[in-house]
Amino acid sequence: MEQANSSFNLQATYRYLLVFLSLCFVMVFIRTAWISDDAAITFRSVLNFVHGYGAVYNVGERAQAYTHPLWFMIVSAVTWLIGNVFYAAYIVAFTCLAAAMYIWAKKVAKSTEWLLIGFVTLLFSKSFTDYATSGLENPLSALLVATFIWQAFSCQDAIKQYFRLALLTGLMFLTRPDLILVALPLLAYKAFQLRQPISVIKWSLLAGIPVFTWILISLFYYGFPLPNTAYAKLGMGIAGGELAMQGFQYYLDSINRDPLTLIVIAFALVTTFMSKQTISRLIALGVALYLLYIIKIGGDFMSGRFFAVPLFTCCILLSLQGRLPVAATGVFAAAAASIGFASPSTPIMSDSSYHNVEIAKSGIADERGFYYQKYGLLSGDRQRYLDLPEWRLSNPEKGPTYVKSTCGQLGYKGMYAGPDLHNIDICALADPLLARMPAKYKKKWRIGHYMRPVPKGYQQAVFEGSEKLADENLGEFYQHLSVITKGDLWSGQRFKTILAMNFGQYNDLVDFEYYRTGPRQQAELGQLAVIKNNGARWNELGNVILEERKPLSIALPSAPTQVRQIDLSLDNNDVYGVSLWQNDEKLWERKIHPDRKKRHGLKRHYLGLPKNIPLERVNTIKIEVLEGDGAQSLGHLVLN
């Protein structure tokens, strides 16, 4: 009897602690509440939408500048009801988080002890608390993940369970497309368990109705199945290896600023994989896939943003494990709190003075610290939430009346300028033309800020038409694109252009190499005929100085059908690529590495050509610096 009373008292104590921690979280939510500039990009689209100008960033140009249509629609609905987009975002965020916590505590958690530790972890996690608000979709993502795990463990008919899980996976896609990685392993397992392929297909199609509907709406309205932001990031032209290295930097940044988050994620994944719970292990596999995906895409410029939902998922996974003794519960909770307190910017200590505008060498920033003083709920500048201009066009028939170009603070600059501004987004998130052009090559680029070169005449072309672009081919591409983004929605020509554009029919009109690296380096074969021997100076008169990422093109006067060898000299300290081309088709390539025994000056190379090269088709030789020290050159090139 005494043991039962003791157990009852312990559980009652835990419940009181959970209530206390929940109230603490509400306090931290209010103290850290802020709105990011990325959210403000969405908010400008929300304001245009609720005022009848369409779900667009720039009035009169249909481009989807947000990645989270479900979040966009919910925030739009609440904005329409209360009239203020900032407070609408806070209300939606708080409601989603409260619902997610309730589902976790009441419907999912099997261990009150681990639930208690999870609450402490989230309270001290900078990643989670920073993006509990921010105006971004993280709170809705957390709610969908909690509901997904609840349904995964609920006892119900297998077909109904699969349908609900598939439906929730689709809603995750509409909230943040890459979030489905967390759900896919378990969903695939449940489909396999059914062993009814026809039923799986049928219920998958039914569950996918929201996704299919949105894709069709997106194709019809915007002209493309994916958001404009996706095209901006797919075509940036940065090598996968460079992105992966930046992804590792994103992890190191989190270890530096918020070590608790990655420690708990790693601990939860290891202990879950060691358990015998198949469902938990499959969800953990989904989290692991998402973490690898973060590395692949290079992370983000917002410190910790992409770790918030994995952390929340891992805290739920821990609560599915067995109960803990009181002492162990206290040790784990105290360890989480201690690591959180030891972090440089523990959220529980954050107040209205919070400020950090430093951008690390990795390009990653404490985004809340950057914007909190201007756009934090408790900062001294709260009037900014009410100072938006009257949202109406000064000339409704004409549309926007002036144009500017920007990349940084695209959201807030757009919001406070009102709908009369047409903002050319140099980072291409909101610009349909620049999103389909490569990012300008920079050796030191910043993640999430892939700046495009603004084509000559583009500002005039926005209002006056594609003929204002100096590049005629790009002008033709923009003309086709404008039919999609500015033309009559129901035009038959527009539907044909949408089909052609999505199948890449006009891609050749964009000179990727030119806009990536600038004007090409060119030389004639005759000017390279003077032989330069080993040891000649790299910058000797007559040498062609080569720039990194800007290939030198050597046009051939005729096809080199009798040539069997290329004789050339290159500065020895660098790595080069030598290739043969027919117009835009590469026919052969050879990489040349430095001779480590020889350090200075030019090095002569003799490149034999394989017999299987169709030399009758070759019309160009290209020399490209693959890895350079800033002093690269070509001395001579002779065909033998």
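Here, the structure is the one placed above.
Residues numbered from 1 in each chain as written. Predicted model: local features only at pLDDT ≥ 70, side-chain atom pairs only at ≥ 80, totals over all residues. Heavy atoms only, no water.

S.K.: Give a detailed account of helix 9 (residues 180-194), specifying residues and quantitative values.
M.R.: For helix 9, with 15 residues, the first-to-last C-alpha span of 20 Å sits near the 21 Å given by 1.5 Å per residue. Residues of helix 9 that are buried in the fold lie against helix 7 (138-153), helix 8 (158-175), helix 10 (197-207), helix 15 (278-296) and helix 16 (308-319). Backbone geometry just downstream of helix 9 places Arg-195 in the positive-phi region, at approximately 55°. (Helix = DSSP H or I, 4+ residues; strand = E, 2+ residues; numbered from the N terminus. Expected span 1.5 Å × (residues − 1). Contact = heavy atoms within 4.5 Å.)

S.K.: Describe the sheet that holds strand 10 (residues 620-627), with residues and values.
M.R.: Working definition: the strands of a sheet are paired by backbone hydrogen bonds and lie parallel or antiparallel to each other. On the basis of which strands lie adjacent, the open sheet formed by five strands has the order 3-5-10-7-8 and mixed pairing. One side of each edge strand has no neighbouring strand; the edge strands of this open sheet are strand 3 (521-524) and strand 8 (585-592). Taking each pair of neighbouring strands and ignoring which way they run, the sheet shows an average axis angle of 25°. Strand direction decides the pairing type here: strand 3 and strand 5 (residues 552-555), joined by four bridges, are parallel. Counterpart to Gln-522 in the pairing with strand 5 is Ser-553. (Pairing = 2+ DSSP bridges. Axes fitted to C-alpha atoms, helices over the stretch in contact; angles between N-to-C directions.)

S.K.: Describe empty space enclosed by the protein, with residues and values.
M.R.: Summed over all chains, the structure comprises seven cavities of 30 Å³ or more. Considering only enclosed or pocket space, the largest cavity measures out at about 80 Å³ in volume. Lining the largest cavity are Gln-64, Thr-67, Pro-69, Phe-173, Leu-174, Pro-177, Trp-214, Ser-218, Pro-225, Leu-226 and Pro-227. Those elements that place two or more of their residues in the lining of the largest cavity are helix 8 and helix 11 (209-221). Across the lining of the largest cavity, the residue classes break down as eight nonpolar, three polar and no charged. (1 Å grid on protein atoms, 1.4 Å probe; cavity = no way out; pocket = protein on both sides within 12 Å on 5 of 7 lines; lining within 4 Å. Points joined across faces, edges and corners; volume = space filled by probe spheres on them. Nonpolar A, V, L, I, M, F, W, Y, C, P; charged D, E, K, R; others polar.)

S.K.: Please give an account of the side chain of Thr-620 that cites residues and values.
M.R.: By the element assignment, Thr-620 lies in strand 10. For Thr-620, a relative accessible area of 15% translates into the label buried. Looking at Thr-620, its side chain comes within polar contact range of the side chain of Asn-619, at 3.1 Å. In this structure Thr-620 touches Ser-553, Ile-554, Leu-556, Ser-579, Leu-580 and Trp-581, once residues within four positions along its chain are discounted. (Buried < 20%, exposed > 50% of the residue type's maximum accessible area, 1.4 Å probe, protein only. Polar contact = N/O pair within 3.5 Å; in protein donor to acceptor, adjacent residues only side chain to side chain.)

S.K.: Which residues make up the pattern of salt bridges, and what are the values?
M.R.: Summed over all chains, the structure comprises 15 salt bridges. Two residues, Asp-300 and Arg-305, come together in a salt bridge whose shortest N-O distance is 3.8 Å. Note on Arg-305: relative accessible area 7%, which makes it buried. The shortest N-O distance in the salt bridge between Asp-567 and Arg-604 comes to 2.6 Å. Separated by 37 residues along the polypeptide, Asp-567 in strand 6 (residues 565-571) and Arg-604 in strand 9 (residues 602-608) bring together distant segments of the chain. Owing to a relative accessible area of 4%, Asp-567 belongs among the buried residues under this scheme. Assessed through its relative accessible area of 18%, Arg-604 is described here as buried. Several salt bridges converge on common partners, so that one network encompasses Glu-137, Arg-176, Asp-178, Asp-300 and Arg-305. (Salt bridge = Lys/Arg side-chain N within 4 Å of Asp/Glu carboxyl O.)

S.K.: Account for a nonpolar patch on the surface, naming residues and giving values.
M.R.: On the surface, Trp-80, Leu-81, Ile-82, Tyr-87, Ile-91 and Leu-386 cluster together into a nonpolar patch covering about 660 Å² of accessible area. When residues of the nonpolar patch are traced back to their parent elements, those giving at least two are helix 3 (69-82) and helix 4 (85-108). Relative to the helices and strands, Leu-386 resides in the loop between helix 18 (367-375) and strand 1 (402-406). (Patch = residues over 30% accessible without salt bridge, like charges linked within 9 Å, V, L, I, M, F, W, Y side chains within 5 Å. Areas by Shrake-Rupley, 256 points an atom, 1.4 Å probe, with all protein chains shown as cover.)

S.K.: So what about the state of the cysteines? Which residues, and what values?
M.R.: A covalent bond between the sulfur atoms of two cysteines is referred to as a disulfide. All chains considered together, the criterion is met by one disulfide. The disulfide that involves Cys-407 links it to Cys-427, with 1.7 Å between the sulfurs. One disulfide, between Cys-407 and Cys-427, carries an S-S torsion of -75° and so falls in the left-handed class. Of this pair, Cys-407 sits in the loop between strand 1 and helix 19 (410-417) while Cys-427 sits in the loop between strand 2 (421-425) and helix 20 (458-464), placing them 20 residues apart in sequence. Look at Cys-427 and you get buried, because its relative accessible area is 5%. Here Cys-96 is not cross-linked by a disulfide; its sulfur's nearest cysteine counterpart is in Cys-315, at 18 Å. (Disulfide = S-S within 2.5 Å.)

S.K.: Go over helix 21 (residues 472-485) with me, naming the residues and quoting the values.
M.R.: Over its 14 residues, helix 21 extends 19 Å from the first C-alpha to the last, a length consistent with the 20 Å expected when each residue adds 1.5 Å. Within helix 21 the residues assigned to the buried category are Leu-474, Gly-475, Phe-477, Tyr-478, His-480, Leu-481, Ser-482, Ile-484 and Thr-485. As for helix 21, its buried residues are in contact with helix 20, helix 22 (492-502) and helix 23 (512-517). Residue Asp-471 occupies the N-cap position of helix 21, its side-chain oxygen lying 3.1 Å from the main-chain nitrogen of Asn-473.

S.K.: I'd like a rundown of the packing of helix 7 against helix 8, residues and numbers included.
M.R.: Two numbers describe how helix 7 lies on helix 8: the axes approach to 10 Å, and their chain directions differ by 170°. The angle between helix 7 and helix 8 places the two elements in the roughly antiparallel class. Note on packing geometry: the crossing formed by helix 7 with helix 8 is left-handed. Along the contact surface, helix 7 presents Leu-140, Ser-141, Leu-144, Val-145, Thr-147, Phe-148, Gln-151, Ala-152 and Phe-153, while helix 8 presents Gln-161, Arg-164, Leu-165, Leu-168, Thr-169, Leu-171, Met-172 and Thr-175. Grouping the amino acids of the contact of helix 7 with helix 8 by side-chain chemistry returns 10 nonpolar, six polar and one charged. (Parallel < 35°, antiparallel > 145°, perpendicular 65-115°, else oblique. Left-handed = near helix turned anticlockwise from the far one by under 90°.)

S.K.: Can you tell me about the pairing of strand 8, naming the residues and giving the values?
M.R.: In the sheet, strand 7 (residues 575-582) pairs with strand 8 via seven bridges, with the strands oriented antiparallel. Across the sheet, Gln-582 pairs through a bridge with Glu-585, a residue of strand 8.

S.K.: Would you mind going over the packing of aromatic side chains in detail, with residue names and values included?
M.R.: All chains considered together, the criterion is met by 36 aromatic pairs. Ring centres of Trp-34 and Tyr-131 lie 5.9 Å apart, and the angle between their planes is 70°; this geometry places the pair in the edge-to-face category. Here Trp-34, found in the loop between helix 1 (2-32) and helix 2 (37-50), pairs with Tyr-131, found in the loop between helix 6 (126-130) and helix 7; they are 97 residues apart in sequence, far enough to count as distant. Taken together, the ring pairs connect Phe-25, Trp-104, Phe-119, Phe-128 and Phe-312 into an aromatic cluster. (Phe/Tyr/Trp six-rings, centres within 6.5 Å; stacked < 30°, edge-to-face > 60°.)

S.K.: Give a description of the packing of helix 15 against helix 16 that names residues and reports values.
M.R.: Two elements in contact, helix 15 and helix 16, have axes whose closest approach is 11 Å; the angle formed by their N-to-C orientations is 160°. When the axes of helix 15 and helix 16 are compared, the pair comes out roughly antiparallel. The element helix 15 and its partner helix 16 pack so that their crossing is left-handed. Contact with helix 15, carried on its side by Ser-280, Ile-283, Ala-284, Val-287, Tyr-290 and Leu-291, involves Pro-310, Thr-313, Cys-314 and Leu-317 of helix 16 and no other residues of that element. For the contact of helix 15 with helix 16, the class distribution of residues is eight nonpolar, two polar and no charged.

S.K.: So what about the nonpolar core? Which residues, and what values?
M.R.: Core analysis: the biggest nonpolar cluster contains 130 residues, and Ile-35, Phe-43, Trp-104 and Phe-312 have the highest contact counts within it. Not counting the four nearest positions on each side in its chain, Trp-104 is found in contact with Ala-109, Leu-115, Gly-118, Phe-119, Leu-122, Phe-312, Cys-315, Ile-316 and Ser-319. (Core = buried A, V, L, I, M, F, W, Y, C linked by side-chain atoms within 4.5 Å.)

S.K.: Lay out the layout of surface pockets with the relevant residues and their values.
M.R.: Each pocket or cavity is described by its volume, and for the largest pocket that value is around 1,200 Å³. Lining the largest pocket are 43 residues, and of these Pro-438, Val-510, Asp-511, Phe-512 and Glu-513 sit closest to its centre. Counting residues per element, the ones that place at least two in the lining of the largest pocket are helix 12 (228-234), helix 22, helix 23, strand 3, strand 5, strand 7, strand 8 and strand 10. With four residues, the top contributor of residues to the lining of the largest pocket is helix 23. Computed from the structure, the second largest pocket encloses a volume of approximately 880 Å³.

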